[in-house]
Structures are given as structure tokens and as C-alpha cells.
Amino acid sequence: MNWPIRFLIPLFLILAAAQVGRLQAQEIRAGLSRLVIVGDSISAGYQNSCLEHTQQPNGYATLLAQQAGVELPLPLISTPGFPPCLVLHSIDPLIIQRISPVPGLRIDQTVQAYNLSVPGIRVVDALKKIPDDDFHQEFFYPFSLIHQQVLLGHPPGMSQIDIAESLLPTTVVLWLGSNDVLWAVIGADPKFVTEQEVFEDDFAEIITRLAYTGATLVVGNVPDVSVIPFSRPVDEFIPPGLFAVLGVASGDRVTLPGLAIISDIVMGEAAPPLPPDVVLTVYEALEIQEAVDAYNAFIQAQIETLKADGKPVALVDTNAMLSFVENNGVTLAGRRLTTDFLGGLFTLDGIHPTNTAHAILANAFINVLNAEFDAGIRPLSVGRVNRILHEDPLVFKNVGNSVFGPGPRSEEVLRSLDFIREPVMAP
């Protein structure tokens, strides 16, 4: 059977499991016995704008640990999640709301989590912030409290990196930096990008300190978050005749909160043009992409320096993965998943991966561990990935098709998504 190349390439990271599954399982090396995860919301298993105990175990880090046969204690958060999770009430009309006005909290405050990933955290925060610090200078609620909830059970007065060192890890997954550009996408303003010099100083200290723990270190780089479904290209859903009225140009992107405003403008219930904080212009997106490229060049240089010093450090190129999927999609079990909003790879907030996307990410990290360090971890099999796909609550029957039509018109949508913009509105 001759398979089209576009089907084969995006599945490389998971189809390798088909061959591995025919081999005898290799003994897992002792270096994986104390696995520690240092990251942000993606590594935490944050989905649908919340950290919640039924979703957290679906994250790529937990799947990696399961395949390696090692424990990875999580800071499990009770239902309805922290902050309360978004739920989809209707596609037509599109209605997304929070499940509750009151958030959940840590189920067991004494557990020392080994997945230390904190939603909303930037590189500098992972290095310097401690749970008692007030995040309100950078972020609104809930980030100050969720930081404290995640790190409960560890000695007080320590940052995420301090705690990671104290756990004496044998293997560390380090994936930070996305939030250093994400806030610029959320606020549609490159001024929220972390300055390159600041990023370099803080990231260099983090990766060096973790490498010198003696642990095997696997590092994810920074994906180009300007292409996530939280912002959508205007050329895909706005007729060119409306560009001037809305104040947009070809190549610009509109964030999810801006979609409801477009509908209100078209219906005469709001005055044009779109406010600037919901429009990411083509030039602003380019600034963000350039920042991502600069960050990743520095991360690569740091990895090469440490490798030259004999440290076991390797890169997982998550930026290349997202770029490929953005352009080609991913075909699983005959279904093409895309980076469109509700296209099967991102959850209701348009920012965080679905269970299916986490399975793909898990195999990406596993394959690097195996290739670089002969870890002997069996990747998730094609059958396992397909089961995750079929059970994924956010892979709908019409996946791959736009759920919007001319665009949703619902005040509930705007209110439900406004929480994502709040963090960048702090003084």
C-alpha cells in the first residue's frame, strides 16, 4: 500500500511504536527512577483553562512516566478545577462557560509532587518566584494561588528550580519559555514578550543548575504560539470587504475574544473597528516569531555548551512539531486533526493540548530519551494512541471542519474567554 507522504511524516513520532511493540521490552534504566518535570501549564496537564485531577493524568509527562514504569506524583486539584474548568455547552451557537464560580484546591496538601509545573509561569518565575510571592504585579488571579497550590508539600521559601534540585533527580524534563511569548499573543501586543537578555540570563541559570544535578536532562524548546487557535487568521473567516471596517489587514489574526466582537459589529451592536487588544497584526506576529527564534537559538547553544562539557542534555524540538502540524495537520485512525479551534489538538481555551495531542507529545519526549540516552522506554503504541483519540472528549465527529460558520455571536463566549486576557491587563 502506498501511503501519501503527508500521512506518514506527522505520525513518525507515534508510528515508531509499532515496531518497538514487536520487540521485548528493555529494562528501564535507573536514571529514570526519580523523574522530575520542570515546566508550565502544558507540562502540568492544564486543559480547558484549568488544573483538575481528572485531566492532569492525561498530560504527556504522566504518559511518559507510565511508559517508563516510574512514579510521577502530581499536585492533584479537586473538581471543579483551579480555576474552574471551561465546559462546552453548545457548538451552534457556540457557548463555553466555566463550570463553577468557586475553584477547587489541592486534594492532598502533603504530597510532594515531582511534576512541579506551574501554569502561567515564565522562565524568571520558575527561577525566582516562591509560593509566598505576590504574582499580582504580573498576573491577575489565579496565578499567585495556583503557584502555591502546586508546590504545597515541599519546604517553604523555595522556587520551582530550588525544589527540583532538592529532589535529587535522575532525569529532568525541562520545558519553559512558552509564557514568555504567550502573553503577547493573548494581549495581542509584543510588549509582553520577555526581553531577550532577561530570558537568556534566567534560562542559562536554570539549565546549568539542572544539568549540574547530574540528572539526564531533556529540554523542550519554545513553540511559536502565534499560530495556536487562540488567534485565528482573518483571511480564513472574514470577507475581504469587511477588512477596512474592522480595521484588519490580510495576514492579521483575531483572538478568540475578538470573534464575538466581530459578530456584534456586523449586527450593528458594537462600533467598529476591532479594539487593538484582540488583533494580532501580521507585523506583531512576526515580532513574536522572531523572539521565538531567538529564544530557541539560545536554548540550542546552551544545550551544545553543556554537551561539550559532558552533560547528558538533549533537545525536543517542539517548535518544529507545532510548525509541521500547523501546516499539515495530523492524521490518526483516518481522521485529520488540525490546529483549528476545536480541531482536535487544542482544548476549549484554544491554548492547551487535548489528550490526543499529549499522547503525541509523550512519544516525542520518549523518542528523544531513547535515541539520545538509550533509555529503553516503549513509546505509546499505535493502538494506545488510537484509544486515546477515540476516548478524547474534545475530538468531535466534525473534527477538521470549522465550527464557526460566519463567526459565533454570543456574549457568553466573550465572557467565558475574557479570563484569558485578564493576566496581561494588570498594571
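Every value quoted in this text rests on a predicted model; they were computed, and no experiment measured them.

Enquirer: Even after reading the chapter, I still don't get the sheet that holds strand S1 (residues 35-39), so can you show me in this structure?
Expert: Strand pairs in the sheet, formed through backbone hydrogen bonds, run parallel or antiparallel to each other. Spatially, 4 strands are ordered S1-S4-S5-S9 in an open sheet, and the strand pairing comes out parallel. The open sheet is flanked by S1 and strand S9 (313-316), the only strands paired with a single partner. With direction set aside, neighbouring strand axes in the sheet form an average angle of 20°. Relative to strand S5 (residues 216-220), strand S4 (residues 171-175) is paired through 4 bridges, and the arrangement is parallel. Of the residues in S5, the one forming a bridge with Thr171 is Thr216.

Enquirer: Teacher, can you tell me more about the sheet that holds strand S6 (residues 231-233) here?
Expert: Strand order in this open sheet of 3 strands is S6-S7-S8, and the pairing throughout is antiparallel. Looking at the sheet topology across the chains shown, the edges are occupied by S6 and strand S8 (279-280). When strand S7 (residues 253-255) meets S8, the two strands line up antiparallel, connected through 2 bridges. Across the sheet, the residue bridging to Val254 is Val279, located in S8.

Enquirer: What exactly am I supposed to notice about the nonpolar core here?
Expert: It is characteristic of soluble globular proteins that their nonpolar side chains tend to be buried jointly. Counting 128 residues, the largest nonpolar core has Tyr60, Leu174 and Leu274 as its most contacted members. Take this core: its biggest share by element is 11 residues, from helix H15 (residues 355-373).

Enquirer: Sorry if this is basic, but what is going on with the confidence of the model for the chain here?
Expert: Regions with low pLDDT should not have their predicted coordinates read in detail. In this model, the chain carries an average pLDDT of 85, and 84% of its residues clear a pLDDT of 70 or more. Counting interchain partners and residues more than four positions distant, the pLDDT-below-50 stretch residues 1-28 has 39 contacts. Counting interchain partners and residues more than four positions distant, the pLDDT-below-50 stretch residues 135-141 has 25 contacts.

Enquirer: Explain the state of the cysteines to me, please; I cannot follow it from the model alone.
Expert: Should the sulfur atoms of two cysteines be covalently bonded, the bond is a disulfide. Overall, the coordinates contain 1 disulfide when judged by the stated rule. Between the sulfur of Cys50 and that of Cys85 lies a disulfide, 1.9 Å long from S to S. Handedness here is read from the sign of the S-S torsion; for Cys50 and Cys85, about 80°, the answer is right-handed. In this pair, Cys50 is assigned in the loop between helix H3 (41-44) and helix H4 (60-68) and Cys85 in the loop between H4 and strand S2 (86-90), connecting sequence segments 35 residues apart.

Enquirer: Whenever I open this one, unusual backbone geometry confuses me. Can you help?
Expert: Glycine aside, negative phi is the norm for most residues, and most peptide bonds take the trans geometry. Note that the residue after Thr79, namely Pro80, is joined by a cis bond; omega there is 15°. Positive phi values are uncommon outside glycine, yet Ser49 reaches one of about 65°. When you line up the elements, Ser49 lands in the loop between H3 and H4. A positive phi is found at Asp374, a non-glycine position, where the angle reads about 50°. Following the sequence through the fold, Asp374 ends up in the loop between H15 and helix H16 (382-391). Asp374 sits in the partly exposed class, given a relative accessible area of 42%.

Analysis parameters
- Residues numbered from 1 in each chain as written.
- Predicted model: local features only at pLDDT ≥ 70, side-chain atom pairs only at ≥ 80, totals over all residues.
- Heavy atoms only, no water.
- Pairing = 2+ DSSP bridges.
- Helix = DSSP H or I, 4+ residues; strand = E, 2+ residues; numbered from the N terminus.
- Axes fitted to C-alpha atoms, helices over the stretch in contact; angles between N-to-C directions.
- Core = buried A, V, L, I, M, F, W, Y, C linked by side-chain atoms within 4.5 Å.
- Buried < 20%, exposed > 50% of the residue type's maximum accessible area, 1.4 Å probe, protein only.
- pLDDT = per-residue confidence, 0-100.
- Contact = heavy atoms within 4.5 Å.
- Disulfide = S-S within 2.5 Å.

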